[in-house]
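Residue strings, one per chain:
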Amino acid sequence: MSDMILLVDDEIDLTNGIKRSISPKIDCDVLTAASGKEALDLIEAKAVDLVLTDISMPGMDGLELLQSIMDFDDNVTVIM
């Protein structure tokens, strides 16, 4: 099983661009989410190791997402 990275930002072009840039260079699966809710759904469904998230997003912001992730699994590394 490879490591899994989750990119979270409401700017979909940005997350897709980052995914295209890093995917060929690393031996990890890279997922994207356009909202905090979508990110939490992915984290609950898959074994995510690292989350790279924007702080400023509509609905659930990055700080709320961080708290929700830590409540679910405090072993997930989150970079904001």
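These lines cover the structure that appears in this document, whether it is placed above or below. Starting from 1, residues in each chain are numbered consecutively following that chain's sequence as written. Reporting in this predicted model follows two pLDDT cut-offs: at least 70 for local features of residues, and 80 or more for side-chain atom pairs to be given and counted; totals over whole chains, interfaces and linings ignore these cut-offs and use all residues. With hydrogens and water set aside, each side-chain value is computed from the structure's full complement of heavy atoms.

1. Focus: the packing of helix H2 (residues 36-45) against helix H3 (residues 62-72)
As a reminder, the rule being used: Helix axes are fitted only over the stretch in contact, all axes being lines through C-alpha atoms; the angle between N-to-C directions runs from 0 to 180 degrees. Strands here mean DSSP runs of E at least two residues long; helices mean DSSP runs of H or I at least four residues long; both are numbered from the N terminus. The labels follow the angle: roughly parallel below 35 degrees, roughly antiparallel above 145, roughly perpendicular from 65 to 115, and oblique for the rest. By convention the crossing between two helices is left-handed if the near helix lies anticlockwise of the far one by an angle smaller than a right angle, and right-handed if it lies clockwise. By the convention used here, residues are in contact when the closest approach between their heavy atoms is within 4.5 Å. Each residue gets one of three labels, nonpolar for Ala, Val, Leu, Ile, Met, Phe, Trp, Tyr, Cys and Pro, charged for Asp, Glu, Lys and Arg, and polar for the others, Gly among them.
Two elements in contact, H2 and H3, have axes whose closest approach is 10 Å; the angle formed by their N-to-C orientations is 15°. Classified by the angle their axes make, H2 and H3 are roughly parallel. The handedness of the crossing between H2 and H3 is right-handed. Of the residues in H3, those in contact with Gly36, Ala39, Leu40, Ile43 and Glu44 of H2 are Leu65, Ser68, Ile69 and Phe72. Taken together, the residues that form the contact of H2 with H3 break down as 6 nonpolar, 2 polar and 1 charged.

2. As for the nonpolar core
Inclusion rule: Residues belong to one nonpolar core when they are buried, are Ala, Val, Leu, Ile, Met, Phe, Trp, Tyr or Cys, and are joined through side-chain atoms within 4.5 Å. Burial classes follow relative accessibility: with a 1.4 Å probe on protein chains only, a residue under 20% of its type's maximum area counts as buried, one over 50% as exposed, and anything between as partly exposed.
In terms of nonpolar packing, the biggest core is built from 15 residues, with Leu6, Val8, Val48, Val51, Leu65 and Ile69 touching the most fellow members. Only strand S1 (3-8), strand S2 (28-33), H2 and H3 provide two or more residues apiece to this core. When residues in this core are grouped by element, the largest group, 4 residues, is from H2. Setting aside chain neighbours within four positions, we find Val48 in contact with Met4, Leu6, Leu31, Leu42, Ile43 and Val76.

3. Examining a nonpolar patch on the surface
So the rule is basically this: The patches described consist of residues with a relative accessible area above 30% and no salt bridge, like charges being joined within 9 Å and nonpolar side chains (Val, Leu, Ile, Met, Phe, Trp, Tyr) within 5 Å. What sets the accessible areas is the Shrake-Rupley method with a 1.4 Å probe; for residues, cover comes only from the shown protein chains. What counts as a salt bridge is simple: a side-chain nitrogen of Lys or Arg found within 4 Å of a carboxyl oxygen of Asp or Glu.
Judged by side-chain polarity, Ile55, Leu63 and Met80 come together as a nonpolar surface patch covering roughly 270 Å² of accessible area. Within the secondary structure, Leu63 is located in helix H3.

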